[in-house]
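Each chain, written out:
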Amino acid sequence: MVGPSEVGVGPWEGDWPDDPRLDAELLAGGDRRNVVDKYRYWKLEAIVEDLDRQRNPFHVAIENWQHDLNIGSVVRTANAFLASEVHIVGNRKWNRRGAMVTDRYQHVRHHPQLADLASYAAERSLAVIGIDNLPGSVSLETYDLPRECILLFGQEGPGLTEDAHQICTAVLSIAQFGSTRSINASAAAAIAMHAWIRRHTFAQPPNS
Ligand SMILES: C[S@@+](CC[C@H](N)C(=O)[O-])C[C@H]1O[C@@H](n2cnc3c(N)ncnc32)[C@H](O)[C@@H]1O
């Protein structure tokens, strides 16, 4: 039986390149990392530097009072959509498995309390936008998401805490139509991040 072919590229073939961004070990042994083709053979620091030049001005934050297993997946999606930073509020430790090593390329900052996240946001004029289907929330589908913002998510079970709610400019809910009360927090994070992408990277310029 033939299994799936290996991901990535094998050892470099042809003349040895002298690009300082490239990693000699990867060139010699091949690059099997889960990175887009542009970054094949690049050093980790060179990739992060390149990403830093292009990051989108939205941030993502998630409450972590009970070691939520969704955080890894949120970090991976934040990397895919090139968020400025991911903020973990509460416990410092989080389960990295779901991140699939994307946390190496994504800035992740810890805040012990929501007040610390609120100060960070205020210092940078970032609107904190809660994402939850709490009473009083408004529709994500029609809300005009600000460009510079922090999308703040709650955790499985309790959802956004009252303290989190207090620091939000608005709380947005994702429309649901079935019987479940909510969707998985990392699925909600992916939807909200993509809503930001649709609004701010694909928006038509006025009068076009
Ligand atoms: C599993 S939900 C739990 C809380 C939810 N308020 C409830 O009543 O069951 C965990 C997190 O996922 C996100 N989430 C899940 N479903 C959502 C929805 N329909 N709209 C917005 N956020 C949602 C929110 O960030 C929420 O804090």
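Residues numbered from 1 in each chain as written. Predicted model: local features only at pLDDT ≥ 70, side-chain atom pairs only at ≥ 80, totals over all residues. Heavy atoms only, no water.

Engineer: How should I be thinking about the overall build of the protein chain in this particular structure?
Structural biologist: A count of helical and extended segments in the protein chain gives 6 helices and 7 strands. Ordered by position from N to C terminus, the α and β elements of the protein chain give α-α-β-α-β-β-α-β-β-β-α-β-α. Counting only C-alpha atoms, the protein chain reaches 60 × 50 × 35 Å along its principal axes. With 208 residues in all, the protein chain has 42% of them scored as buried. Put simply, of all contacts in the protein chain between residues at least 6 apart along the chain, 64% involve residues at least 24 apart. If you sum the accessible surface of the protein chain, you get close to 12,000 Å²; carbon and sulfur atoms cover 52% of it. Computed over 20 positive and 26 negative side-chain charges, the inter-centroid distance for the protein chain is 1 Å. (Helix = DSSP H or I, 4+ residues; strand = E, 2+ residues; numbered from the N terminus. Buried < 20%, exposed > 50% of the residue type's maximum accessible area, 1.4 Å probe, protein only. Contact = heavy atoms within 4.5 Å. Areas by Shrake-Rupley, 256 points an atom, 1.4 Å probe, with all protein chains shown as cover. Lys, Arg positive; Asp, Glu negative; His and termini not counted. Charge placed at Lys NZ, Arg CZ, Asp CG, Glu CD.)

Engineer: Please explain the pairing of strand 2 (residues 86-90) as it appears in this structure.
Structural biologist: In regular strands, side chains alternate between the two faces of the sheet. The buried count for strand 2 comes to 5 of 5 residues, which makes it a mostly enclosed element. Two elements, strand 1 (residues 58-64) and strand 2, share 5 bridges in a ladder whose sense is parallel. From the neighbouring strand, Glu-63 faces strand 2, where its bridge partner is Val-89. Following the chain from strand 1 across helix 3 (residues 71-80) to the adjacent parallel strand 2, one finds a crossover that is right-handed. Judged from the 4 bridges that link them, strand 2 and strand 3 (residues 108-111) form a sheet pairing that is parallel. (Pairing = 2+ DSSP bridges. Right-handed = clockwise from strand over helix to strand, strands pointing away.)

Engineer: Got a minute to help me understand helix 6 (residues 185-201) in this structure?
Structural biologist: Because an α-helix completes one turn every 3.6 residues, residues spaced three or four positions apart along the sequence face the same direction. Over its 17 residues, helix 6 runs 24 Å from end to end, which matches the ideal 24 Å to within 8%, given 1.5 Å per residue. Buried within helix 6 we find Ala-185, Ser-186, Ala-188, Ala-189, Ala-192, Met-193, Trp-196, Ile-197 and His-200. Residues of helix 6 that are buried sit in contact with strand 1, helix 3, strand 4 (127-131) and strand 6 (149-153). (Expected span 1.5 Å × (residues − 1).)

Engineer: Teacher, can you tell me more about the packing of helix 3 against helix 6 here?
Structural biologist: Between two packed helices, the angle of one axis relative to the other and the distance separating the axes together describe the packing. Contact geometry of helix 3 with helix 6 gives a least axis separation of 9 Å together with a crossing angle of 15 degrees. The pairing of helix 3 with helix 6 is recorded here as roughly parallel in orientation. Crossing angle aside, the handedness with which helix 3 passes helix 6 is right-handed. Contact residues: helix 3 offers Ser-73, Val-74, Thr-77 and Ala-78, while helix 6 offers Ser-186, Ala-189, Ala-190 and Met-193. (Axes fitted to C-alpha atoms, helices over the stretch in contact; angles between N-to-C directions. Parallel < 35°, antiparallel > 145°, perpendicular 65-115°, else oblique. Left-handed = near helix turned anticlockwise from the far one by under 90°.)

Engineer: Even after reading the chapter, I still don't get the site of the ligand, so can you show me in this structure?
Structural biologist: Surrounding the ligand, one finds 19 residues, the nearest of these being Ile-131, Asp-132, Ile-174, Gln-176 and Arg-181. Note that an oxygen atom of the ligand is positioned 3.4 Å from one of the backbone N or O atoms of Leu-160. In this structure, an oxygen atom belonging to the ligand sits 2.6 Å away from a side-chain N or O atom of Arg-181. Relative to its free-state accessible area of 570 Å², the ligand is covered by the protein chains to the extent of 94%. Contributions of two or more residues to the shell around the ligand are made by strand 7 (170-173) and helix 6. Its residues placed into classes, the shell around the ligand shows 8 nonpolar, 8 polar and 3 charged. (Near = heavy atom within 4 Å. Polar contact = N/O pair within 3.5 Å; in protein donor to acceptor, adjacent residues only side chain to side chain. Nonpolar A, V, L, I, M, F, W, Y, C, P; charged D, E, K, R; others polar.)

Engineer: Would you mind going over the domain arrangement of the protein chain with me for this structure?
Structural biologist: Size of an interface, as often reported, equals the accessible area lost when the parts are brought together. Assigned domains of the protein chain: these are domain 1 (10-54) and domain 2 (58-200). In this assembly, 9 residues from domain 1 lie in contact with 5 residues from domain 2. Summing both sides of the interface, domain 1 and domain 2 together bury roughly 670 Å²; the carbon and sulfur share of this comes to 65%. It is Asn-34, Leu-44 and Leu-51 in domain 1 that bury the most area against domain 2; as a group they hold 53% of the surface buried on that side. Its residues placed into classes, the side of domain 1 that touches domain 2 shows 5 nonpolar, 2 polar and 2 charged. (Domains from an automatic or database assignment. Buried area = accessible area lost by both parts, 1.4 Å probe.)

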